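If you want the building blocks of each chain, they are given just below.
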There are 2 protein chains.
Amino acid sequence: MSIYVVGHKIPDSDSICGAIALAYLKNQIGEPAIATRLGEPSPETQFILDKFDFEAPELKLSYAGEQVYIVDHSEVTQAPDDIAEATIVGIVDHHKLGDLTTSTPLECWIRPVGCSNTVIKMMYDFYNVEIPKDIAGIMMCAILSDTVIFKSPTCTTADIRCVEALAEIAGIEDFKAVGMEMFNVKSDVKGAKPRELVMRDFKDFNMNDNLIGIGQLEVVDLSVFDDIKADLEADIAALKEEGNRHTVMLLLTDIMKEGSELLVVSDDADLSKKAYKIASENGRSWLPGVLSRKKQVVPPLQEVFA
Amino acid sequence: MSIYVVGHKIPDSDSICGAIALAYLKNQIGEPAIATRLGEPSPETQFILDKFDFEAPELKLSYAGEQVYIVDHSEVTQAPDDIAEATIVGIVDHHKLGDLTTSTPLECWIRPVGCSNTVIKMMYDFYNVEIPKDIAGIMMCAILSDTVIFKSPTCTTADIRCVEALAEIAGIEDFKAVGMEMFNVKSDVKGAKPRELVMRDFKDFNMNDNLIGIGQLEVVDLSVFDDIKADLEADIAALKEEGNRHTVMLLLTDIMKEGSELLVVSDDADLSKKAYKIASENGRSWLPGVLSRKKQVVPPLQEVFA
Ligand SMILES: [Mn+2]
Ligand SMILES: [Mn+2]
């Protein structure tokens, strides 16, 4: 029986590339595995897949009765809907420990690094399996994406060494140029509907039984949002109501200025002030230095809800 | 600031030896760490500590505001009472994934092997740190204990290879003899009060909001319990009431006959029948081949409560 290797809902490049890379590794060590996904690849992810000539993993939403290896999260809200009816055989991740539980022993490769693919590289090293050129390429891109080309406070020395090693395997000399190419693709928001943009990289969190949705758009220049910011705000307000959420946040991250504009709609008008100590005006605030949802946005929120 | 490295409540040899071994490793890689414990060492553990000339780790029950590395579990019921006020920086374990969660990224070294110390050996290898002779000795004993000298169905090739490597480092030729010596110590129940025996290796589990306590006593011959079985049964009945538990089980494991006598008091008179398909008489049943609480006793119970 094959293991399905799957990342989180609304998959990012780490989830998609990680599923491909880990499924390949598992197959090499004699554990049949199939990479799958829970949603459509983002334009950034599609750029990576095209660049290294991969098909997107198979779309598969139901895992009841199957064996599943979870990539890039450990949260019930981000996992397949029927994960409780599946057997989780492993988790590779780099986030806080979430609320997934199992009834049988499993393997967890979780490290406080910038990207799940950095952990997957450690797994390749542990099993002494050679990384093919094209897989090294997508792993490298996933790390450059998650670490915002090393600018994110989540980036560690392990991530940097890992990108250097993967770039060498992939035969890429200027990996930062590849990273910028990728973020330029990501910055192209022309023609996209507000909902499509809000959902492009969106995660729900259960904070003390409050559902909190947080989206993030990372671009090279925030001016791309000038004409559509009001539409984005209207959409996160709608999303809050539709999902019966306590709060929806949208982070508009300027990777060059290294900060984020935070848009918030919440049942608690003072929430962002409480969490980030910065007053918001009409639900907008500028958070200097904030690039990482995981490290800079989620933990202070959890403190507020604790 | 030091990290505290601590195993579960009612510590077994894996928890105590693992805390010592992991704290040493962390100190070697420049992360100051202190091994601690949540309770008294069992006679078996004391035998191991004495044999390799270690003091027991410091008894420490409160961890609010501290950084903690969790050994040998990932369950709230088995963790320090105030773990929610601590920062969990890591988990090394070999059980099912429990309900501990964190608000910040951490490292998890969890593998489906027979003992946490087998995983800690992998950590030594990963960091390329030499294991001192005496630490190799206690790690080896912990693995022999958890795997019942390789007889438990939880035992993997990784555990066996690990014991072989550790025995060589420790300069021990006949590690199975050391294991038997250890289980003979464990089999000495003379003079111990029923409560002391029941609690010697006792774990609480939260199963769908029912509190289930499961104790286990592993001996080389079940006849040691002949005179005290009724007292043990009276005590688990008392323990059930005191702790407002749904069920208390006590496994009397015969490591030579390779099976366990199960004593049960439960709100559900049919529970053990439902879980293990073997009828019980007056709350007693013989479960042939059952040596492992983790792999053979807990999962079928969880199915019943799912
Ligand atoms: Mn990631
Ligand atoms: Mn253990």
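Residues numbered from 1 in each chain as written. Chains lettered and ligands numbered in written order. Predicted model: local features only at pLDDT ≥ 70, side-chain atom pairs only at ≥ 80, totals over all residues. Heavy atoms only, no water.

A.B. asks: So what about the overall build of chain A? Which residues, and what values?
C.D. replies: Per the secondary structure count, chain A includes 10 helices and 11 strands. Taken against the 2.2 N^0.38 rule, which gives 19 Å for 306 residues, the C-alpha radius of gyration of chain A at 19 Å falls within 12% of a compact globule. With respect to the principal axes defined by its C-alpha atoms, chain A has extents near 55 × 45 × 35 Å. Put simply, of all contacts in chain A between residues at least 6 apart along the chain, 63% involve residues at least 24 apart. (Helix = DSSP H or I, 4+ residues; strand = E, 2+ residues; numbered from the N terminus. Rg over C-alpha atoms; globule rule 2.2 N^0.38 Å. Contact = heavy atoms within 4.5 Å.)

A.B. asks: So, the coordination of the manganese ion (ligand 1): which residues are in play, and what are the values?
C.D. replies: Octahedral metal centres with six donors ideally show angles of 90 or 180 degrees, and tetrahedral centres with four donors ideally show 109.5 degrees. Residue and element names in this part refer to chain A. At this site the manganese ion (ligand 1) is bound by D14 (OD), D72 (OD), H94 (NE2) and D146 (OD), with donor distances of 2.1 to 2.3 Å. Counting gaps between the donor residues of the manganese ion (ligand 1) yields the pattern D-x57-D-x21-H-x51-D. With a gap of 22 residues between them, D72 in the loop between β4 (67-71) and β5 (87-93) and H94 in the loop between β5 and β6 (107-110) connect regions that are remote in the sequence. Owing to a relative accessible area of 0%, D72 belongs among the buried residues under this scheme. (Donors = N, O, S within 2.8 Å, 3.2 Å for Na, K, Ca; no water. Buried < 20%, exposed > 50% of the residue type's maximum accessible area, 1.4 Å probe, protein only.)

A.B. asks: Which residues make up the sheet that holds strand β1 (residues 3-6) of chain B, and what values go with them?
C.D. replies: Spatially, 12 strands are ordered β3(A)-β2(A)-β1(A)-β4(A)-β5(A)-β6(A)-β6(B)-β5(B)-β4(B)-β1(B)-β2(B)-β3(B) in an open sheet, and the strand pairing comes out mixed. Of all the strands in the sheet, the pair left with one neighbour each is β3 (58-59) of chain A together with β3 (58-59) of chain B. Note: β1 of chain B against strand β4 (residues 67-71) of chain B, 4 bridges, orientation parallel. When the sheet's bridge partners are listed, Y4 of chain B is paired in β4 of chain B with V68 of chain B. Taken strand by strand, helix α1 (residues 13-28) of chain B contacts β1, β2 (33-37), β4, β5 (87-93) and β6 (107-110) of chain B, and its axis lies near 170 degrees from that of β2 of chain B. Relative to the sheet, helix α3 (residues 116-127) of chain B contacts β4, β5 and β6 of chain B, its axis offset from that of β6 of chain B by approximately 120 degrees. (Pairing = 2+ DSSP bridges. Axes fitted to C-alpha atoms, helices over the stretch in contact; angles between N-to-C directions.)

A.B. asks: Before we move on, can you summarise the nonpolar core with the specific residues and values?
C.D. replies: All names here are of chain A. Residues L22, Y69, V92, Y124 and M140 are the most contacted members of the largest nonpolar core, which totals 56 residues. Take this core: its biggest share by element is 9 residues, from helix α4 (residues 133-146). The residues touching Y124, leaving out its near neighbours within four places in the chain, are A21, Y24, L25, V129, E130, I131, I135 and M139. (Core = buried A, V, L, I, M, F, W, Y, C linked by side-chain atoms within 4.5 Å.)

A.B. asks: Describe helix α5 (residues 157-170) of chain A, naming the residues involved and giving the relevant values.
C.D. replies: All names here are of chain A. Taking 1.5 Å per residue, 14 residues should reach 20 Å; α5 reaches 20 Å between its end C-alpha atoms and fits that length. When we look at burial in α5, the residues that qualify are D159, C162, V163, L166, A167 and A170. For α5, the angular spread of the buried residues around the axis is 135 degrees, confining them to a single face. For α5, exposure combined with an orientation more than 90 degrees from the buried face picks out T157 and E168. The inward-facing, buried residues of α5 contact α3 (116-127), α4 and α6 (175-186). (Expected span 1.5 Å × (residues − 1). Arc of directions from axis to C-beta.)

A.B. asks: Outline the side chain of T102 of chain A, listing residues and values.
C.D. replies: Relative to the elements of secondary structure, T102 of chain A occurs in the loop between β5 and β6. Among the polar contacts listed, one links the side chain of T102 of chain A to the backbone oxygen of T104 of chain A, at a separation of 2.8 Å. For T102 of chain A, the side chain forms a polar contact with the main-chain nitrogen of L97 of chain B, separated by 2.8 Å. (Polar contact = N/O pair within 3.5 Å; in protein donor to acceptor, adjacent residues only side chain to side chain.)

A.B. asks: Please set out the coordination of the manganese ion (ligand 2) residue by residue, giving values where relevant.
C.D. replies: Residues and elements named next belong to chain B. Within the first shell, the manganese ion (ligand 2) binds the protein through D14 (OD), D72 (OD), H94 (NE2) and D146 (OD), at distances of 2.1 to 2.3 Å. In primary sequence terms, the donor set of the manganese ion (ligand 2) follows D-x57-D-x21-H-x51-D. With D14 in helix α1 and D72 in the loop between β4 and β5, the pair connects residues that are 58 residues apart, well separated along the chain.

A.B. asks: Let's hear about the environment of A192 of chain A: which residues, and what values?
C.D. replies: Take A192 of chain A: it is sitting in the loop between α6 and α7 (194-199). In this structure A192 of chain A touches L197 and R200 of chain A, once residues within four positions along its chain are discounted.

A.B. asks: For the interface of chain B and chain A, give the residues involved together with the corresponding values.
C.D. replies: On the side of chain A, 26 residues touch chain B, which itself brings 26 residues to the contact. Between chain B and chain A, the buried area comes to about 2200 Å², and carbon and sulfur atoms account for 65% of it. Considering only the side of chain B, the residues that lose the most area to chain A are L97, S103 and P105 of chain B, jointly responsible for 29% of the buried surface there. Run the count over chain B and chain A and you get 0 salt bridges. Counting every contact that joins chain B to chain A gives 6 residue pairs in polar contact (both at pLDDT 80 or more). When contributions to the side of chain B that touches chain A are tallied by element, the ones reaching two or more residues are β6, α3 and α10 (293-305) of chain B. Residues that form the side of chain B that touches chain A fall into these classes: 12 nonpolar, 8 polar and 6 charged. Pairing analysis gives 3 bridges linking β6 of chain A to β6 of chain B, with the strands arranged antiparallel. Looking at the pairing, W109 of chain A lines up with W109 of chain B of β6 of chain B. (Buried area = accessible area lost by both parts, 1.4 Å probe. Salt bridge = Lys/Arg side-chain N within 4 Å of Asp/Glu carboxyl O. Nonpolar A, V, L, I, M, F, W, Y, C, P; charged D, E, K, R; others polar.)

A.B. asks: Could you give me a rundown of helix α2 (residues 43-51) of chain B, with the residues and numbers involved?
C.D. replies: All names here are of chain B. Burial in α2 covers these residues: E44, T45, F47, I48 and L49. Packed against the buried residues of α2 are α1, α4 (133-146) and α6 (175-187). Note on α2: the residue one or two positions beyond its end, D53, has a positive phi of about 65 degrees.

A.B. asks: Give a detailed account of the side chain of R111 of chain A, specifying residues and quantitative values.
C.D. replies: Inspection of the secondary structure puts R111 of chain A in the loop between β6 and α3. One buried charge, R111 of chain A, has no salt-bridge partner; the nearest side chain with opposite charge is E107 of chain B, at 5.6 Å. Excluding its chain neighbours within four sequence positions, the residues that come into contact with R111 of chain A are D93, H94, V119 and M122 of chain A together with L106, E107, C108, W109 and R111 of chain B. (Lys, Arg positive; Asp, Glu negative; His and termini not counted.)

A.B. asks: Lay out the UniProt feature "domain: DHHA2" (unreviewed entry) in chain A with the relevant residues and their values.
C.D. replies: Mapped onto this numbering, the UniProt entry gives "domain: DHHA2" (unreviewed entry) at residues 179-305 of chain A. The straight-line gap between the two end C-alpha atoms of residues 179-305 of chain A is 36 Å; of that span, 37% is helix and 29% is strand. (UniProt positions renumbered as here; feature names shortened; annotations may be inferred.)

A.B. asks: Give me the packing of aromatic side chains: which residues, what numbers.
C.D. replies: Here the structure, examined in full by the defined rule, presents 10 aromatic pairs over all chains. Here the aromatic cluster, defined as three or more aromatic residues joined through ring pairs, consists of W109, F126 and Y127 of chain A. Above the plane of the ring of W109 of chain A lies R111 of chain B, whose end atom (NZ or CZ) is 3.7 Å from the centre. (Phe/Tyr/Trp six-rings, centres within 6.5 Å; stacked < 30°, edge-to-face > 60°. Lys NZ or Arg CZ within 6 Å of the ring centre and 35° of its normal.)

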